[in-house]
Amino acid sequence: DTEVTQTPKHLVMGMTNKKSLKCEQHMGHRAMYWYKQKAKKPPELMFVYSYEKLSINESVPSRFSPECPNSSLLNLHLHALQPEDSALYLCASSQEPPQPQHFGDGTRLSIL
Amino acid sequence: QKEVEQDPGPLSVPEGAIVSLNCTYSNSAFQYFMWYRQYSRKGPELLMYTYSSGNKEDGRFTAQVDKSSKYISLFIRDSQPSDSATYLCAMVPLTGANNLFFGTGTRLTVIP
C-alpha cells in the first residue's frame, strides 16, 4: 500500500464530461505533483504545487486544471478531454525538493 | 540527445542471477539520483535515493553513482520472480529541483 492515495482507480468518461481526480497524502509533505504516463513511457510532469504555489508545464492543455485545497490534498479537474488524454495519471508528493518523490498508484483514465 | 539515457531492455534473467541496470546522463547539474520500480498497473515505488558518488546498499539492492562518468547503476543480487517489473532511473538537478528527469525504463523479467 502506498502512502499517497488516489481516487478513483479507474475512470471512463466521454469527451464532453467533467470529472475530477483526487489525491491525498498524510506524510506532511509540502510539494505535490501530477504526472501523466502513457504505456511503456516514463511519467511526464504536468503540475507542481510547492507550499501550495502552482508551477505549470506550459505544454499541458487548459482542459486539465489543478487545484490544491490544502497541503494534503490535490485535485485534477478534467473537462472536454480528447482520446489521446487516455493514460495513467499519477500523483506524487515529497518533502521540500530535492527529497525524493513518492507516488500513488494512479488513476487509469479512458476517454471514449 | 536525451538528458537521461537508459538501456531499454527488455531484460530476462533466471532466478538467482545478478541484474545490472544502467543509466547515463549528459547534464552535470544532476546531483540527486533515484531508482524506482514500477509493477504493471501500479505507480512507481522508490527503491533507492542517493546523492554521492559511490555505492549505497539496501538488502539485495545496490545503487552505484559515478559522477565523473555521468553513469548510474542498480544491481539486484539473488534476483527473484517478484523483482519482475519496470525499473526507472530518475535524477534531479541541484536547482529547479521540482523536476524529475526520468530514463525510459527497463523491463525486467526474472524466470523461476
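Residues numbered from 1 in each chain as written. Chains lettered and ligands numbered in written order. Predicted model: local features only at pLDDT ≥ 70, side-chain atom pairs only at ≥ 80, totals over all residues. Heavy atoms only, no water.

1. As for the overall build of chain A
And step 1. The number of helices and strands found in chain A is zero helices and eleven strands.
And step 2. Rg of the C-alpha trace for chain A: 13 Å, near the compact-globule value of 13 Å for 112 residues, within the 12% margin.
And step 3. Along the first, second and third principal axes, the C-alpha atoms of chain A reach 35 × 30 × 25 Å.
And step 4. Burial status across chain A gives 46% buried among its 112 residues.
And step 5. Contacts spanning at least 24 positions in sequence make up 54% of the contacts within chain A whose residues lie at least 6 apart.
And step 6. Element-wise, carbon and sulfur atoms account for 49% of the exposed surface of chain A, whose accessible area totals about 5700 Å².
And step 7. Across chain A, the mean location of the 12 positive side-chain charges is 8 Å away from that of the 11 negative side-chain charges. (Helix = DSSP H or I, 4+ residues; strand = E, 2+ residues; numbered from the N terminus. Rg over C-alpha atoms; globule rule 2.2 N^0.38 Å. Buried < 20%, exposed > 50% of the residue type's maximum accessible area, 1.4 Å probe, protein only. Contact = heavy atoms within 4.5 Å. Areas by Shrake-Rupley, 256 points an atom, 1.4 Å probe, with all protein chains shown as cover. Lys, Arg positive; Asp, Glu negative; His and termini not counted. Charge placed at Lys NZ, Arg CZ, Asp CG, Glu CD.)

2. Some details on the interface of chain B and chain A
And step 1. Contacts between the two partners involve 19 residues from chain B and, on the opposite side, 20 residues from chain A.
And step 2. Carbon and sulfur atoms supply 59% of the area buried between chain B and chain A, which totals about 1600 Å² over both sides.
And step 3. For the interface between chain B and chain A, the tally reads one salt bridge.
And step 4. Between D105(A) and K42(B) there is a salt bridge, with its nearest N and O atoms 3.6 Å apart.
And step 5. Counting the contacts that link chain B with chain A gives four residue pairs in polar contact (both at pLDDT 80 or more).
And step 6. When contributions to the side of chain B that touches chain A are tallied by element, the ones reaching two or more residues are β4 (30-38), β5 (45-50) and β9 (85-93) of chain B. (Buried area = accessible area lost by both parts, 1.4 Å probe. Salt bridge = Lys/Arg side-chain N within 4 Å of Asp/Glu carboxyl O. Polar contact = N/O pair within 3.5 Å; in protein donor to acceptor, adjacent residues only side chain to side chain.)

3. A short note on the nonpolar core
And step 1. Among the nonpolar cores identified, the biggest contains 24 residues, and W35(B), I72(B), L74(B), Y87(B) and M91(B) are the most heavily contacted of them.
And step 2. Counting residues per element, the ones that place at least two in this core are β3 (19-25), β4, β5, β7 (61-66), β8 (71-76), β9 and β11 (106-111) of chain B.
And step 3. M13(A), M46(A), L81(A) and A87(A) belong to the second largest nonpolar core, which has 23 residues in total. (Core = buried A, V, L, I, M, F, W, Y, C linked by side-chain atoms within 4.5 Å.)

4. Considering the sheet that holds strand β1 (residues 4-6) of chain B
All names here are of chain B.
And step 1. Spatially, five strands are ordered β1-β3-β8-β7-β6 in an open sheet, and the strand pairing comes out antiparallel. Looking at which strands have only one partner, the edges of the open sheet turn out to be β1 and β6 (54-58). Strand-to-strand, the axes of this sheet are offset by a mean angle of 15°, without reference to chain direction.
And step 2. In the sheet, β3 pairs with β8 via six bridges, with the strands oriented antiparallel. Paired with T24 across the bridge in β8 is Y71. (Pairing = 2+ DSSP bridges. Axes fitted to C-alpha atoms, helices over the stretch in contact; angles between N-to-C directions.)

5. Points about the pairing of strand β5 (residues 44-50) of chain A
Residues and elements named next belong to chain A.
And step 1. Along β5, six of the seven residues are buried, which leaves the element largely enclosed by surrounding structure.
And step 2. Inspection of the sheet shows strand β4 (residues 31-37) paired to β5 by six bridges, in the antiparallel sense. Note on β5: the bridge partner recorded for W34 is F47.
And step 3. Adjacent in sequence and paired antiparallel, β4 and β5 are bridged by six residues, among which K40 carries a positive phi angle near 60°.
And step 4. Across four bridges, the pairing between β5 and strand β6 (residues 53-56) is antiparallel. Following the sheet pairing, V48 is matched in β6 by S55.
And step 5. With antiparallel pairing between neighbouring strands as the criterion, β5 and β6 make up a hairpin whose turn holds two residues, including Y51 at a positive phi of roughly 50°.

6. Focus on the pairing of β9(B)
Residue and element names in this part refer to chain B.
And step 1. Taking burial as the measure, the nine residues of β9 include eight buried ones, the bulk of the element.
And step 2. The pairing of β9 with strand β10 (residues 101-102) spans two bridges and is classified as antiparallel. Among the inter-strand pairings, A90 is bridged to a residue of β10, identified as F102.

7. A few points about the packing of aromatic side chains
And step 1. Tallied over the full model, the rule gives 13 aromatic pairs over all chains.
And step 2. Aromatic side chains Y25(B) and F33(B) sit 5.3 Å apart centroid to centroid with 40° between the ring planes, which places their arrangement in the tilted category.
And step 3. With a relative accessible area of 7%, Y25(B) lands in the buried category.
And step 4. Through a chain of ring-to-ring contacts, the aromatic side chains of Y33(A), Y35(A), F103(A), Y36(B) and F102(B) assemble into a single cluster. (Phe/Tyr/Trp six-rings, centres within 6.5 Å; stacked < 30°, edge-to-face > 60°.)

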